[in-house]
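Architecture and fold: a report
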Amino acid sequence: MDHTTRQTSSSTSSTRVVDVLVPVALNQNYSYRVPRGMELKAGDVVCVPLGPREVVAVVWAENANPDPRLHNRLKDVGEKLDVPPLKEELRSLVDWVANYTLSARGMVLRMALRMGENLGPERMRLGVRLIGPAPQRLTPARRRVIEVLSDGLLHGKSDAAREAGVSSGVIDGLVDEGTLAVEAMPPPLAPPAPDPSFAQPEFSYQQRAAVDMMRTLAANGTFHVALLDGVTGSGKTEVYFEAIAEAVRRGKQTLILMPEIALTGQFLDRFAQRFGVRPLEWHSELTPRTRQRNWAAISAGEAPVVVGARSALFLPYADLGLIIVDEEHDQAYKQDDGAHYHARDMAVVRAHIAKIPIVLASATPSVESEVNARKGRYQRVALPSRFGGQHMPHIEAIDLRRAPPPRGRFISPPLAQQIRFAIEKREQALLFLNRRGYAPLTLCRACGHRFACTICDAWLVDHRFRQRLVCHHCGFSMPRPNICPHCQAEESLVAVGPGVERLQEEAAVLFPEARTMVLSSDLITSIETLRSELNEIAEGRVDIIIGTQLVAKGHNFPRLNLVGVVDADLGLGNGDPRAAERTFQLLNQVIGRAGRDQGRGVGYLQTHQPEHPVMKALVANDREAFYASEIDSRERTGYPPFGRLASLIISAGDRPTAESFARRLAAVAPIDERIQVLGPAEAPLAVIKGRYRFRILVKSLRNVDLSEYLREWLAAGPKTKGNLKLEVDVDPQSFL
Ligand SMILES: Nc1ncnc2c1ncn2[C@@H]1O[C@H](COP(=O)(O)OP(=O)(O)OP(=O)(O)O)[C@@H](O)[C@H]1O
Ligand SMILES: [Zn+2]
């Protein structure tokens, strides 16, 4: 951002007052006087004093009737920043999301203002150029530098040092000798815009119909929701690229939301193959400087296509014309700390406010989107078969009651046999287990002592690679002791149950010649290393991939034909109303990694309940059966989308305080026959980080304004004091 041209306040103030929203945990606007000579309108980004600090904030409205008695106590707007104003469309979104989720408006605004305002101006980059003869004392290092610069062009100073393999001191020495000259580097050129005609693929007959719908939707440019519902490997990405191409042709910006940044690596390359350049990225791993540049490019309209994680939804696009939500069913779209919002749902809201089209893409749509498509509220764009004549994977259940693995092992004999065949055919196998670490529980064989977190209601998970026992809820960790702390027995501790690290150990014993790789979010050191590991897999340099849900979605590994789900029952039966949906989606996604390129994909589900409707639907490749039964049961029980839910989570440093507050709150819930208030009940995760937790579940008919009901209730209810905390989660995804 360029701060060089800005208007600063003059000492004399007019009587004009504006209402400003500051990005802190506050709901209301603050009034500020407008210094004489400063032009301000709604949406302008300003600096204002807030207590002892100056904060970047946004003018929300003119205050036509300021209270004259307050006038002398108001502070002046400090300065107006030279950035484009936040458009009406984005301000409405901030208000809408805050109102719906009961979050402070300032906290929602904050997501739009991640512009890196405290970084200061960019440092000028210095370059060097060869201008004079070689010096008398010509060391090998100096010779290498001269060689690198022999083209006579300006090279970045640090680039030149790196290329020549020397320290910057060697370069400075050559500058002193008059061999090289230092010059300022010109500012980096903006990357070229994506070229919509760069490399358009040939589409199959089935894809062509979908592509036509995508182009029409993007060309019409009005609010419209399409559900791009295509089986894994059907070419959804290629198809929605055509909507993007159309938006680019029309000079509009596109936002592509992805549930996880882990997925974006291969995606960036595929995008570049289609459009000639990579899109701009937006996620939490960007360096502050890149974030600053990208924010500026997005708000100036210089970024035609942005791919990002959920927070990218709140950026100030100059001219947004299309939103794509990839893997729309993914629960990672729900943010559960700070403002609780669902990025897919809020993306539909943004599209509606901005009057632009939106595409929700998935092989296993959420039940909500599926119902919307069935009712005709969303347009279904279907790709029912895979691209290039590839078959859908064949799925079989392995009944663990009949074919159990040997004691202390987790891979059943039939699955081991299939992995062996795959390796012999020089194909890859993926073992999927959604459990990080080595073992979910450690206990003492002598006294039965189980290692639990001291401040959470959770077992400590054994992480052998890090050699620690770790709490997955608060991050507490300790070395794995040699002696039981309870009975002092030696060598008595045993790992119970599998995690991905333990599976790798088992795979190494079963298939000693195979190259294995574990992929799990806790083992990722940086997004770059993850991307290179995923590349290694794609290039076939790994035989057995062992992974958590990190590998389940979106990836394209050409040599992978076998997927073994080690514990298909893991996500079922935990009391979560969405357990069946989640399990169906996740297993469908992970098995969908198989057989995408050549050969037939197969998936094996190790399960204790092969007769469960989810397993039966997967084995029969009958998604209709799954949706029919799930939709029917939601309708009967009044669960979303046929009814609405909200959670109130009350926590405190001690149990009685949390419980009594929760009871008092529940007692004053307004009576409404359309609404049920369930609880309070102790949360399934009763203690996290030393905080005792209770939950109240609110369930209503579909047509009730649940947010408004909650607001009235909370306004009348007891106030939180001390370390009591009340969190509101509208449309909860987690019930823990
Ligand atoms: N028209 C096409 N021409 C060439 N290749 C294509 C075409 N359509 C799809 N493909 C290729 O088929 C593979 C699967 O496509 P893609 O990844 O878009 O499917 P998808 O539906 O997004 O899958 P998933 O839901 O499993 O992530 C990719 O390698 C893609 O490049
Ligand atoms: Zn803990």
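None of the values given here were measured: they were computed from a predicted structure. (Residues numbered from 1 in each chain as written. Chains lettered and ligands numbered in written order. Predicted model: local features only at pLDDT ≥ 70, side-chain atom pairs only at ≥ 80, totals over all residues. Heavy atoms only, no water.)

**Side note on the overall build of the chain**
Within the chain, the regular secondary structure consists of 19 helices and 34 strands. Computed over the C-alpha atoms, the radius of gyration of the chain is 29 Å, within 12% of the 27 Å expected from 2.2 N^0.38 for a compact globule of 736 residues. Along the first, second and third principal axes, the C-alpha atoms of the chain reach 80 × 80 × 65 Å. Here the chain holds 736 residues, and the buried ones make up 53% of them. Residue pairs in contact within the chain that sit at least 24 positions apart in sequence constitute 75% of those at least 6 positions apart. Approximately 32,700 Å² of the chain is accessible, and the part contributed by carbon and sulfur atoms is 51%. Charge-centre separation for the chain: the mean point of 91 positive side chains lies 2 Å from the mean point of 85 negative side chains. (Helix = DSSP H or I, 4+ residues; strand = E, 2+ residues; numbered from the N terminus. Rg over C-alpha atoms; globule rule 2.2 N^0.38 Å. Buried < 20%, exposed > 50% of the residue type's maximum accessible area, 1.4 Å probe, protein only. Contact = heavy atoms within 4.5 Å. Areas by Shrake-Rupley, 256 points an atom, 1.4 Å probe, with all protein chains shown as cover. Lys, Arg positive; Asp, Glu negative; His and termini not counted. Charge placed at Lys NZ, Arg CZ, Asp CG, Glu CD.)

**Points about the pattern of salt bridges**
The full count for this structure, using the stated rule, is 45 salt bridges. Its salt-bridge partner being Arg 344, residue Asp 345 comes within 2.7 Å of it at the nearest N-O pair. Residue class for Arg 344 comes out buried when judged on its relative accessible area of 6%. By sharing partners, the salt bridges in this structure join Asp 229, Glu 370, Arg 374, Arg 380, Arg 623 and Glu 624 into a single network. (Salt bridge = Lys/Arg side-chain N within 4 Å of Asp/Glu carboxyl O.)

**Observations regarding the coordination of the zinc ion (ligand 2)**
Within the protein, Cys 453 (SG), Cys 456 (SG), Cys 471 (SG) and Cys 474 (SG) serve as the donor atoms for the zinc ion (ligand 2), at 2.3 to 2.4 Å. What the four donor atoms of the zinc ion (ligand 2) show is an angle range of 107 to 113° at the metal, which sorts the shape as tetrahedral. If you list the donors of the zinc ion (ligand 2) from N- to C-terminus, the spacing comes out as C-x2-C-x14-C-x2-C. Within this pair, whereas Cys 456 is found in the loop between strand S22 (441-444) and strand S23 (461-463), its partner Cys 471 is found in the loop between strand S24 (468-470) and strand S25 (477-479), the two being separated by 15 residues in sequence. Of the two residues examined, Cys 456 and Cys 471, each falls in the buried class. (Donors = N, O, S within 2.8 Å, 3.2 Å for Na, K, Ca; no water. Tetrahedral: all angles 85-135°; square planar, octahedral: opposite > 155°, others 65-115°.)

**Digging into helix H5 (residues 168-176)**
Of the residues making up H5, those classed as buried are Ile 171, Gly 173 and Leu 174. Projected onto a plane normal to the axis of H5, the buried residues spread over an arc of 155° and lie on a single side. Buried residues belonging to H5 abut strand S8 (126-130), helix H3 (140-148), helix H4 (157-164) and strand S10 (180-184). The positive-phi residue at the C-terminal boundary of H5 is Gly 178, with phi of around 85°. (Arc of directions from axis to C-beta.)

**Section: helix H15 (residues 579-591)**
Here H15 is 13 residues long and its end C-alpha atoms lie 18 Å apart, about the 18 Å a rise of 1.5 Å per residue gives. The element H15 is extensively covered by neighbouring structure, given that twelve of its 13 residues are classed as buried. Regarding H15, the residues found buried are Ala 579, Ala 580, Glu 581, Arg 582, Thr 583, Phe 584, Gln 585, Leu 587, Asn 588, Gln 589, Val 590 and Ile 591. (Expected span 1.5 Å × (residues − 1).)

**Considerations on the packing of aromatic side chains**
With the rule as written, the count across this model stands at twelve aromatic pairs. In this structure an aromatic cluster arises from ring pairing among Tyr 240, Phe 241, Phe 267, Phe 271 and Phe 275. Geometry around Trp 282 places Arg 291 over its ring, the cationic atom sitting 5.2 Å from the centre. Directly above the aromatic system of Tyr 438 lies the positively charged group of Arg 464, at a separation of 3.8 Å from the ring centroid. (Phe/Tyr/Trp six-rings, centres within 6.5 Å; stacked < 30°, edge-to-face > 60°. Lys NZ or Arg CZ within 6 Å of the ring centre and 35° of its normal.)

**Observations concerning the sheet that holds S10**
Strand order in this open sheet of three strands is S9-S8-S10, and the pairing throughout is antiparallel. The open sheet terminates on both sides in strands that have one partner only, identified here as strand S9 (155-156) and S10. Examined bridge by bridge, S8 and S10 share five bridges and lie antiparallel to one another. Bridge pairing links Arg 129 to Ala 181 in S10. (Pairing = 2+ DSSP bridges.)

**Structural notes on the environment of Val 77**
Here Val 77 shows up in the loop between strand S6 (75-76) and strand S7 (79-80). Distance in space between the C-alpha atoms of Val 77 and Val 20 is 9.2 Å, their sequence separation being 57 residues.

**Points about the site of ligand 1**
Near ligand 1, the surroundings consist of 19 residues, among which Glu 202, Lys 236, Arg 270, Asn 556 and Arg 596 are the closest. Between ligand 1 and Lys 236 there is a distance of 2.5 Å, counted from an oxygen atom to a side-chain nitrogen or oxygen. Out of a free accessible area of 630 Å², ligand 1 has 83% covered by protein chains. Top element by residues in the shell around ligand 1 is helix H7 (residues 236-249). It accounts for three residues. The residues that make up the shell around ligand 1 include at least three from each of domain 3 (205-388) and domain 4 (391-435 + 498-631). (Near = heavy atom within 4 Å. Polar contact = N/O pair within 3.5 Å; in protein donor to acceptor, adjacent residues only side chain to side chain. Domains from an automatic or database assignment.)

**So, the sheet that holds S23**
The strand order across the open sheet built from three strands is S23-S24-S25, with neighbouring strands paired in antiparallel fashion. At either margin of the open sheet sits one strand with a lone partner, and together these are S23 and S25. When the angles between neighbouring strand axes are averaged without regard to direction, this sheet yields 30°. The sheet contact formed by S23 and S24 spans three bridges and is antiparallel. Among the inter-strand pairings, Val 461 is bridged to a residue of S24, identified as Val 470. (Axes fitted to C-alpha atoms, helices over the stretch in contact; angles between N-to-C directions.)

**Side note on the UniProt feature "binding site: Zn(2+) 1" (unreviewed entry) in the chain**
Here, UniProt's "binding site: Zn(2+) 1" (unreviewed entry) annotation points to Cys 444, Cys 447, Cys 484 and Cys 487. Maximum C-alpha separation among the annotated residues is 8.6 Å over a sequence range of 44 residues, consistent with a single clustered spot. Relative to the helices and strands, Cys 444 resides in strand S22. Contacts of Cys 444, omitting those with residues within four sequence positions, involve His 449, Cys 484, Cys 487, Ser 492 and Leu 493. With respect to the element layout, Cys 447 can be found in the loop between S22 and S23. Classification of Cys 447 as partly exposed rests on a relative accessible area of 33%. Apart from residues lying up to four places away in sequence, Cys 447 is in contact with Cys 484, His 486 and Cys 487. (UniProt positions renumbered as here; feature names shortened; annotations may be inferred.)

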